[in-house]
Structures are given as structure tokens and as C-alpha cells.
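Given next are the chains, with one letter for each unit.
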Amino acid sequence: MGRAAAAGGGAGAARRWLPWLGLCFWAAGAAAARGTDNGEALPESIPSAPGTLPHFIEEPDDAYIVKSNPIALRCKARPAMQIFFKCNGEWVHQNEHVSEESLDESSGLKVREVFINVTRQQVEDFHGPEDYWCQCVAWSHLGTSKSRKASVRIAYLRKNFEQDPQGREVPIEGMIVLHCRPPEGVPAAEVEWLKNEEPIDSEQDENIDTRADHNLIIRQARLSDSGNYTCMAANIVAKRRSLSATVVVYVDGSWEVWSEWSVCSPECEHLRIRECTAPAPRNGGKFCEGLSQESENCTDGLCILGIENASDIALYSGLGAAVVAVAVLVIGVTLYRRSQSDYGVDVIDSSALTGGFQTFNFKTVRQGNSLLLNSSMQPDLAVSRTYSGPICLQDPLDKELMTESSLFNPLSDIKVKVQSSFMVSLGVSERAEYHGKNHSGTFPHGNNRSFTTMHPRNKTPYIQNLSSLPSRTELRTTGVFGHLGGRLVMPNTGVSLLIPHGAIPEENSWEIYMSINQGEPSLQSDGSEVLLSPEVTCGPPDIIVTTPFALTIPHCADVSSEHWNIHLKKRTQQGKWEEVMSVEDESTSCYCLLDPFACHVLLDSFGTYALTGEPITDCAVKQLKVAVFGCMSCNSLDYHLRVYCVDNTPCAFQEVVSDERHHGGQLLEEPKLLHFKGNTFSLQISVLDIPPFLWRIKPFTACQEVPFSRVWCSNRQPLHCAFSLERYTPTTTQLSCKICIRQLKGHEQILQVQTSILESERETITFFAQEDSTFPAQTGPKAFKIPYSIRQRICATFDTPNAKGKDWQMLAQKNSINRNLSYFATQSSPSAVILNLWEARHQHDGDLDSLACALEEIGRTHTKLSNITESQLDEADFNYSRQNGL
């Protein structure tokens with residue numbers, strides 16, 4: 001065996017050295033020829049040009065082996081004494097070469113051309129770190145020349161698509177995006193789209209774009225775009241067809257205008273009709289909503305129908321007389337009762353005259369759609385809830401019932417029953433009743449909604465319940481920006497604006513402003529839709545930017561596509577709000593990236609924007625921030641607790657903090673997060689574990705309940721409940737208790753209060769971190785986390801499409817951007833826009849390490865797909881980036 005191995009090794013060595021031996025024999029013969037012929041020219045079969053290196057006229061090209069067919073590689077050079085192929089670092093045997101010689105007429109030199117065949121078996125048997133490769137080496141008197149390396153790969157195309165297009169139903173003029181990822185193949189497959197088995201030519205239809213990463217984009221859907229779409233992938237080996245995707249473009253129906261009224265009928269009515277034909281619903285579109293026929297009295301109520309006999313006259317006359325008699329009786333009783341009482345309510349218990357605290361019985365709406373919150377609905381009298389809260393009466397000399405009208409304004413259709421504590425203790429069932437619509441003469445009115453306590457002739461002060469705070473109309477900040485871009489931040493609100501480098505033309509500078517509406521929202525919710533964010537305005541509105549800017553808006557939704565349908569809306573110049581897009585939609589006009597607490601929006605026009613949410617299920621959750629503030633009253637023995645439940649956005653809580661500072665309130669415990677479900681169940685707030693011999697709380701006020709609708713739509717004003725505690729002695733300075741905030745059949749939070757009521761002894765709790773409160777406007781390079789030079793290198797690397805996957809799509813994927821990639825495909829530099837989005841998301845942490853790790857991971861992935869030389873260069877590029885801060 002040793003001898004055989006040695007023989008085999010010798011044969012291999014001989015094979016490697018054969019070209020060199022042949023060249024040596026040729027050199028020896030040439031030298032002999034020169035010695036014999038006194039330096040005459042070389043034999044005609046060996047062309048030469050002394051002092052000239054071989055020049056390749058033709059070099060081997062990359063080739064693919066299809067099935068089992070071998071491929072031919074060829075080289076052509078002049079002048080060349082000999083040409084041999086070297087494959088994968090080893091010389092190809094001389095017998096496998098086919099050589100040809102010809103004469104170059106222009107130079108008189110002979111040209112040598114060499115062929116070799118490479119088989120599938122040779123490629124499959126090669127196991128190296130790179131593709132199978134071959135190159136030519138040509139010799140002349142001066143030396144050798146090497147051709148380029150030609151790679152030889154086995155061509156294939158897998159059967160299954162990595163992503164098949166999915167069928168869609170879209171409204172007319174909506175955007176259609178069909179995704180297609182062809183099967184893996186060598187060489188990479190080219191994609192063609194078919195509609196109803198006919199090829200689609202995007203060059204002849206400007207509404208269709210098929211260039212964006214194999215995807216098919218129809219910018220504005222037409223009825224003619226309905227059909228079956230198929231993605232075709234093909235290379236030199238085979239063709240593959242994806243599954244067909246059915247696209248349906250539908251039209252929702254609309255009503256024609258009403259017809260003219262018909263003539264008046266014998267029943268004193270006339271009719272008008274309209275049809276659902278403008279347009280008629282098509283392809284499964286919704287039928288028109290509303291009535292198709294309408295009737296009304298045509299005699300302004302003066303029509304008298306024929307009365308058949310005298311008995312009918314008597315009947316109607318009797319009914320009319322009865323109604324008049326009942327009305328007179330009611331008026332008389334009312335006047336008599338008022339003459340017997342100086343109050344507008346029957347008061348049996350004398351404690352009411354000294355400011356006793358009463359019980360409210362609110363009868364609330366619990367019928368129909370649980371998420372259609374409309375205060376104009378009539379209450380269902382079968383369902384009631386009891387709210388314990390203070391009703392404070394003034395001195396008996398005033399003989400006037402004092403309370404706050406704002407308590408009942410949002411609940412105008414709710415019946416309120418007032419019952420004295422003495423009646424409760426005796427179980428008396430008779431109660432005096434008030435109705436929310438008829439209290440204008442009883443309750444004081446006005447715009448003063450502050451926390452100032454009222455002292456009715458030195459009696460116990462009154463703290464209002466379920467009240468709303470006054471607020472400023474808006475927060476505003478400005479900055480001047482130029483071509484270098486920058487960042488505009490509204491301190492402690494979570495709202496910011498990123499203006500990229502180059503978005504503003506050179507030699508220009510603009511004053512850009514940003515504001516938050518803190519008054520009544522101009523966006524009025526429709527149906528079950530609720531406002532999830534502040535209304536943010538950036539401008540001036542007439543500015544045109546060349547690169548999308550990034551607007552960050554905080555929101556209070558517990559993000560889940562299963563429970564929420566979230567929309568971005570914009571206010572028009574006429575003051576109306578229109579939908580820009582749903583955050584789950586595909587769009588090339590803007591991009592929404594929804595994070596847990598904020599939405600980052602890429603836009604190309606300034607204006608007023610807000611986020612709204614439509615709950616899909618009862619499990620949709622709004623995140624509320626609950627906090628407790630406290631302050632002393634003018635009466636030195638009383639201490640007031642105010643518990644807030646506001647949307648979990650920094651700007652909403654900042655409004656609370658600002659107003660509490662104005663009124664001397666102090667934050668007593670770190671705010672907590674409450675998950676409030678859209679299941680129609682109310683919110684309960686109670687004070688627990690009050691020290692029994694040090695403090696006391698007014699009777700029937702330890703627990704308060706807030707209706708679901710007040711909490712779910714609480715974005716208009718900060719919602720809070722107030723509690724009044726009284727010390728037994730002035731020497732008590734420490735207060736400890738628990739505040740329990742819970743939704744019935746939902747989440748619960750406990751706020752632990754442990755504080756001193758004396759300001760000098762109280763521990764201060766920080767309202768906000770100071771990370772963004774110092775510099776509202778930053779301009780130029782200091783506003784960005786990624787150095788500009790590094791940013792340019794990243795864009796240059798990833799903007800160029802790469803068949804091996806190292807392009808901007810992988811950059812997006814590594815930064816958790818996995819949807820609506822067609823938006824980036826339409827940008828001049830997709831990588832730059834992705835990095836702008838990264839800057840907006842990481843304005844506080846500036847987590848460059850995570851970005852560096854993502855880039856390095858892309859580099860390692862690329863190493864597996866490419867040859868060693870390229871991978872080494874790529875690794876060096878990414879290492880350089882990391883050393884420079886990435």
C-alpha cells in the first residue's frame with residue numbers, strides 16, 4: 001500500500017509539474033536553435049515579442065453548469081509561448097487542454113487560444129472555502145501573465161417560493177402591495193408578474209411599479225385591477241410559478257340625492273326616495289347606509305284626519321281634559337311643597353343643615369354597544385350604581401344648596417337621588433329626587449374649576465368631586481434649522497421632531513415650531529373611536545422638505561393588533577380631520593412605527609396630527625397613569641388628597657403637575673400604570689387603612705366610583721377624585737394610608753401614602769427625569785447620535801442592491817422594521833431613511849452598541865455567503881465603524 005500511495009503521490013506531483021516540464025523542454029529546444037542558427041528567429045510555431053508580457057485578448061467568464069452538461073472555459077493571449085489553466089490552485093493536465101494558433105494580421109504575431117471542459121462531477125467533488133474557480137497563466141520571454149478568476153457553479157432553482165403573494169380586498173383608489181420572494185437559486189431568479197396569465201408591463205402603466213424588491217405595487221386601485229396575480233421566477237435552469245393571489249377591488253355604495261317630495265296623501269304625508277346607485281356597490285362593497293325612503297307630515301301639523309263618529313270626539317275631549325287636570329295638580333303640589341321648605345329638596349335629617357355628606361345613586365347606561373359612548377343616550381333604569389361623595393350645604397341662614405355643576409354636566413341624562421345619612425341609618429325608602437337636566441337653578445355656575453376651597457361662614461370646607469382642572473390652550477417651542485438639520489424637543493412631553501441632514505436646501509434656514517393642544521380637542525371621536533395621543537402641530541405648513549422628517553407622538557394604547565385598530569389622522573385647513581393611514585396599512589406616502597409608548601411617523605408635510613384608536617374587542621386596553629397629590633386646606637385640621645387617572649402620556653401628566661404646583665399640591669407617591677379595559681366596567685377609587693385615632697374621613701366618602709365613559713374618554717381634561725381627611729389634633733403631622741384604584745373585573749393598583757403634612761419634613765418626589773428638559777432645540781451634527789461620516793459609509797454600503805442579501809432590507813430587519821418596506825423602496829436612499837427612524841427611536845438612550853451589533857451580525861451573515869477575501873474586507877469595514885463609535 002505504501003508503494004501504491006507513493007506511486008499515486010508521484011503521479012499527482014507529475015501532473016502538477018507537467019506544464020513546467022513542457023515549458024523547460026521548449027526553452028531548451030529554443031536555446032539549441034539559437035546556438036545552431038547564430039541567434040536567428042524562433043521557430044514559426046512559437047511566436048514571441050521580446051520584452052513584451054502576454055496580453056489576454058479573451059479571459060475565462062463565470063459559468064454555470066446546467067444539469068449534467070459540462071461547460072467550456074477559454075483563454076486567448078498574444079504573444080504567448082504557452083497557456084495553461086489552473087483550477088482551485090492546481091494545474092490542469094496538459095492532455096485536457098485543446099490549443100489553437102492563429103495569426104494577428106495587424107501585428108503579425110500569432111495568437112494562442114486554449115480550451116478546457118469542466119464537468120459537474122469535478123465541481124461537486126470540490127470542497128473548499130470558496131466556489132470552484134479557474135484561471136489562465138500565459139508565458140512569454142519576459143515572464144507570465146494571469147487572467148481573472150472565473151467561478152464555476154452548479155445552477156439550480158428550488159421549487160418553493162420563500163413568500164407567495166396573498167390575496168387582498170381593497171377599496172377603489174386604495175393601494176395594493178403584493179409581496180413575492182422567489183425560490184432560492186443560482187443564478188438568482190428574475191421575477192415577472194402575470195395578471196390572469198398575461199404578463200404585466202409596468203413601463204406602459206405608470207400606476208404599477210414592479211421594481212421594488214420583486215413586489216408588485218399598484219398605487220391607486222381601479223376596478224380593472226381585480227384579477228388573479230401570479231409571481232413568475234426564472235433562471236437558466238427552470239421557471240417556477242407562485243400560488244395565485246386573488247385581488248378584489250370593491251366599491252362601497254353611496255346614495256343619490258333625495259328625490260322631490262311627492263304630493264300630499266290623504267294621510268297628510270308625502271314621500272321622497274333615493275337609490276343606492278351613485279355609485280352602486282360592486283365586487284362585495286358595502287350597501288348604502290341610512291334610509292332609502294323618508295316620509296313626513298305635509299301640512300305643518302295642521303292636518304286633521306276624518307273622525308268616524310261622535311264617540312271618538314268624546315274620547316279625545318276626555319283625554320285632553322284629564323291631561324290638563326293632572327298638570328294643574330302637579331303644579332299645585334309643587335308650589336305647596338316649596339312653600340313649606342326653603343330648600344329645593346326634602347331634608348329629614350337635621351345633619352344636612354351642618355354640611356353632612358350624602359350618598360349619590362347614579363343610574364347609568366348599560367345597554368347597546370359597550371364601546372359606543374354617547375352621553376345623549378337615555379339611561380337604562382334597570383341598572384344603577386351608588387357613588388359616595390360630599391354634598392356640602394351652606395349655613396342655614398343662606399338656605400341654599402351648594403354643589404358643583406361640573407359634577408353632573410358630563411352626565412346630563414342621569415337621574416340623581418339624594419338621601420340623608422339619618423334616613424340611611426333608619427332604612428327610610430322615601431327620597432327627594434333631582435334630575436341632571438333641571439339643576440340649573442340649584443347649583444352654582446361658572447368657569448372656576450380650581451382647587452380653591454370654599455368656606456361657607458366658617459363651616460367645613462368643600463372639595464369638589466370628579467372635577468376637571470383648568471388648562472392652558474397649548475404648549476409651544478421653536479427653533480431655527482438649516483441644511484444640517486437637527487432636533488426639536490418639547491420638554492417632558494414625549495413629543496419631538498427630527499429634521500434630517502439635507503431635508504432643508506443649502507443656504508436656507510427656517511424657523512420651525514411645534515405645539516401641543518391642551519384645550520378641548522378639535523378631533524371629535526366618532527362612534528367607538530377614542531383619542532390616544534395629544535394633538536401635535538408642526539409647521540409652518542407651507543414648507544416643503546426634500547427628505548422625510550420624523551415626528552414622535554406619545555400614545556396611551558396597550559399596543560396589540562388583535563385588540564386595536566390605530567389610525568394616524570391629520571387636520572385639514574378647513575378644520576376637519578381626515579385619516580392619513582392605519583398603522584398596519586401599506587403606504588408609500590408616510591410610515592408609522594408603533595412602539596409601546598410612542599409612535600414614530602415619517603412625513604413629508606407639516607401640519608396637525610393625532611392618533612386615534614378603534615377597539616376591536618373588549619380586551620382593548622388604555623394605559624392610565626394614576627397618581628396622588630396632597631395639600632393642606634385653609635382649615636388647619638383638614639388635609640386633601642387628589643387622585644388622578646390620566647392617559648399615560650408625558651404631556652397629560654405634565655399638565656397635572658403644572659396645575660398642582662400652581663395650587664400648592666405635592667406628589668405623595670411615585671405614579672403607577674393602570675391597564676383599563678374597554679369592557680364598560682367602571683373605576684373605583686378608595687382610601688384604606690387610615691389611622692383610626694389620628695385621622696378620620698368624612699362619612700360615605702371613603703370610596704368613589706367613576707363611570708366607564710368618563711375614564712375611557714378622559715382625554716379632554718385630567719380626571720381626578722378628591723378626598724378630605726381631618727386630624728383629631730393639630731399635633732398629628734404624619735399621614736399613612738393606601739389608595740386603591742381598580743377597575744371592576746379588571747386591573748388594580750395600590751398607592752402607598754407615607755408622608756408628612758408639613759412641607760419642611762416632606763420628602764420630595766421628582767416629577768420628571770431631566771434628560772430632555774435643557775435644550776429644546778439642537779441643530780447640526782450634535783443633534784444626531786450617529787456621526788455623519790459613519791452614516792455616509794453605512795448608506796453607501798447598504799443602498800446598493802446585493803443578491804446575497806446584504807442591503808437595506810437586512811438593515812431594516814435587524815432594526816425591527818419588518819413591515820411596509822415598499823415605503824423605503826421609493827426613497828432615494830432607503831438606508832438614510834431607516835437611520836433617521838433609528839435616530840427618532842433612540843433619542844434618549846442613543847444605543848449605538850445595539851446598532852453596531854446589528855451591523856456586525858450582518859457582516860457575519862455575509863461571511864457565510866461569500867468568499868474569504870470579500871468577507872475579510874467586510875469585517876475590516878465593520879470593525880472600523882465600531883472603533884469610530886458604532
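Residues numbered from 1 in each chain as written. Predicted model: local features only at pLDDT ≥ 70, side-chain atom pairs only at ≥ 80, totals over all residues. Heavy atoms only, no water.

### A closer look at the side chain of T732
In step 1: Looking at the element boundaries, T732 is found in the loop between β48 (719-727) and β49 (734-743).
In step 2: Once residues lying within four places of it in the same chain are set aside, the contact partners of T732 are L694, W695, R727 and I757. (Helix = DSSP H or I, 4+ residues; strand = E, 2+ residues; numbered from the N terminus. Contact = heavy atoms within 4.5 Å.)

### With respect to the sheet that holds strand β50 (residues 748-756)
In step 1: Strand order across the open sheet formed by 4 strands is β47-β45-β49-β50, with antiparallel pairing between neighbours. In this open sheet, the two strands that pair with only one neighbour each are β47 (703-706) and β50. Put simply, the sheet's adjacent strands are angled 15° from each other on average, direction ignored.
In step 2: In this structure, strand β45 (residues 683-688) lies alongside β47, joined through 4 bridges in antiparallel fashion. By the bridge assignment for β47, S686 is matched with C703. (Pairing = 2+ DSSP bridges. Axes fitted to C-alpha atoms, helices over the stretch in contact; angles between N-to-C directions.)

### Concerning the pairing of strand β36 (residues 564-571)
In step 1: Within β36, 6 of the 8 residues are buried, which leaves it mostly tucked inside the rest of the structure.
In step 2: Examined bridge by bridge, β36 and strand β37 (residues 577-582) share 5 bridges and lie antiparallel to one another. Counted as the bridge partner of K569 is E579 from β37.
In step 3: Turn length for the β36-β37 hairpin, with the two strands adjacent in sequence and antiparallel, is 5 residues, and the turn residue G575 shows positive phi of about 90°. (Buried < 20%, exposed > 50% of the residue type's maximum accessible area, 1.4 Å probe, protein only.)

### Details of the pattern of salt bridges
In step 1: Taken as a whole and assessed by the stated rule, the structure comprises 21 salt bridges.
In step 2: For R241, the salt bridge identified is with E197, shortest N-O distance 2.9 Å. Here the residue R241 occupies a position in strand β20 (residues 239-241), and E197 occupies one in the loop between β15 (190-195) and β16 (198-199), the gap between them amounting to 44 residues.
In step 3: Judged by its relative accessible area of 44%, R241 falls in the partly exposed class.
In step 4: Judged by relative accessible area, which is 46%, E197 ranks as partly exposed.
In step 5: Residues R487 and E839 are paired through a salt bridge, measuring 3.4 Å at the closest nitrogen-oxygen approach. Highlighted residues: R487 in strand β30 (residues 486-490) and E839 in helix α10 (residues 830-841), separated in sequence by 352 residues. There is no split in this pair, since R487 and E839 are both buried.
In step 6: Each member of the salt-bridge network shares a partner with another, and the members are E58, R74, K76 and E113. (Salt bridge = Lys/Arg side-chain N within 4 Å of Asp/Glu carboxyl O.)

### Comments concerning the packing of aromatic side chains
In step 1: All chains considered together, the criterion is met by 15 aromatic pairs.
In step 2: Relative to F824, the ring of Y591 lies with its centre 4.9 Å away and its plane at 55°, an arrangement referred to as tilted. A residue pair is termed long-range when its members are at least 10 positions apart, and Y591 in strand β38 (residues 591-594) and F824 in helix α9 (residues 821-825) qualify at 233 residues.
In step 3: Taking the centre distance of 6.4 Å and the plane angle of 45° together, the rings of W808 and F824 count as tilted. Within this pair, whereas W808 is found in helix α8 (residues 808-814), its partner F824 is found in helix α9, the two being separated by 16 residues in sequence. For the pair shown, W808 and F824 are each scored as buried.
In step 4: Its guanidinium or amino end placed over the ring of W255, R274 lies 4.5 Å from that ring's centre, counting from NZ or CZ. (Phe/Tyr/Trp six-rings, centres within 6.5 Å; stacked < 30°, edge-to-face > 60°. Lys NZ or Arg CZ within 6 Å of the ring centre and 35° of its normal.)

### Looking at the state of the cysteines
In step 1: Evaluated as defined, the whole model comprises 5 disulfides.
In step 2: Here C87 is linked by a disulfide to C134, with a sulfur-sulfur distance of 2.0 Å. Of note, the bridge from C87 to C134 carries an S-S torsion of about 110° and is right-handed in sense. Taken together, the residues span a long stretch of sequence, with C87 in strand β4 (residues 82-87) and C134 in strand β8 (residues 132-139) at a distance of 47 residues.
In step 3: Looking at C87, the relative accessible area reads 8%, which means it is buried.
In step 4: Residue pairing for C180: its cysteine sulfur links by disulfide to C231, the two sulfurs lying 2.0 Å apart. Judged by the sign of its S-S torsion, about -75°, the bond between C180 and C231 is left-handed. Placement of C180 in the loop between β13 (176-178) and β14 (185-186) and of C231 in strand β19 (residues 227-234) is noted, with a sequence separation of 51 residues between them. (Disulfide = S-S within 2.5 Å.)

### Points about helix α7 (residues 788-798)
In step 1: Burial in α7 covers these residues: I790, R791, I794, C795 and F798. Taken end-on, α7 shows its buried residues confined to a sector of 135°, consistent with a single buried face. (Arc of directions from axis to C-beta.)

### Re the packing of α7 against α10
How two helices pack is summed up by the angle between their axes together with the distance between the axes.
In step 1: One can describe the packing of α7 onto α10 by two numbers: an axis separation of 8 Å at closest approach and a directional angle of 135°. Considering the angle they form, α7 stands oblique to α10. For α7 against α10, the interelement crossing comes out right-handed. On α10, the residues that touch R791, I794, C795 and F798 of α7 are S831, A832, L835 and N836. (Parallel < 35°, antiparallel > 145°, perpendicular 65-115°, else oblique. Left-handed = near helix turned anticlockwise from the far one by under 90°.)

### Some thoughts on unusual backbone geometry
In step 1: For the bond from R78 to P79, the omega torsion is -25°, close enough to zero to count as cis.
In step 2: As for its placement among the helices and strands, P79 is situated in the loop between β3 (71-78) and β4.
In step 3: Between A278 and P279 the backbone carries a cis peptide bond, its omega angle lying at -5°.
In step 4: Positive phi, normally seen in glycine, also occurs at E197, with a value near 70°.
In step 5: Positive phi is not limited to glycine here, since E507 has a value of about 65°.
In step 6: Inspection of the secondary structure assignment puts E507 in the loop between β31 (495-499) and β32 (510-517).
In step 7: The class for E507 is exposed, based on a relative accessible area of 83%.

### Focus: the pairing of β32
In step 1: Most of β32 is tucked away, with 6 of its 8 residues classed as buried.
In step 2: Bridging between strand β29 (residues 474-481) and β32 involves 8 bridges; their strand directions are antiparallel. Bridging across to β32, G479 finds its partner in I512.
In step 3: In the sheet, β32 pairs with strand β34 (residues 536-539) via 4 bridges, with the strands oriented antiparallel. If you follow S515 over to β34, its bridge partner there is T537.

### What to know about the side chain of T552
In step 1: In this structure, T552 sits in strand β35 (residues 549-554).
In step 2: T552 gets classed as buried once you look at its relative accessible area, which sits at 2%.
In step 3: Within the structure, T552 has its side chain in polar contact with the side chain of H600 (distance 3.0 Å).
In step 4: Each residue touching T552, except ones within four places of it in the same chain, is listed here: G494, V495, S496, A598, C599, H600, A840 and Q843. (Polar contact = N/O pair within 3.5 Å; in protein donor to acceptor, adjacent residues only side chain to side chain.)

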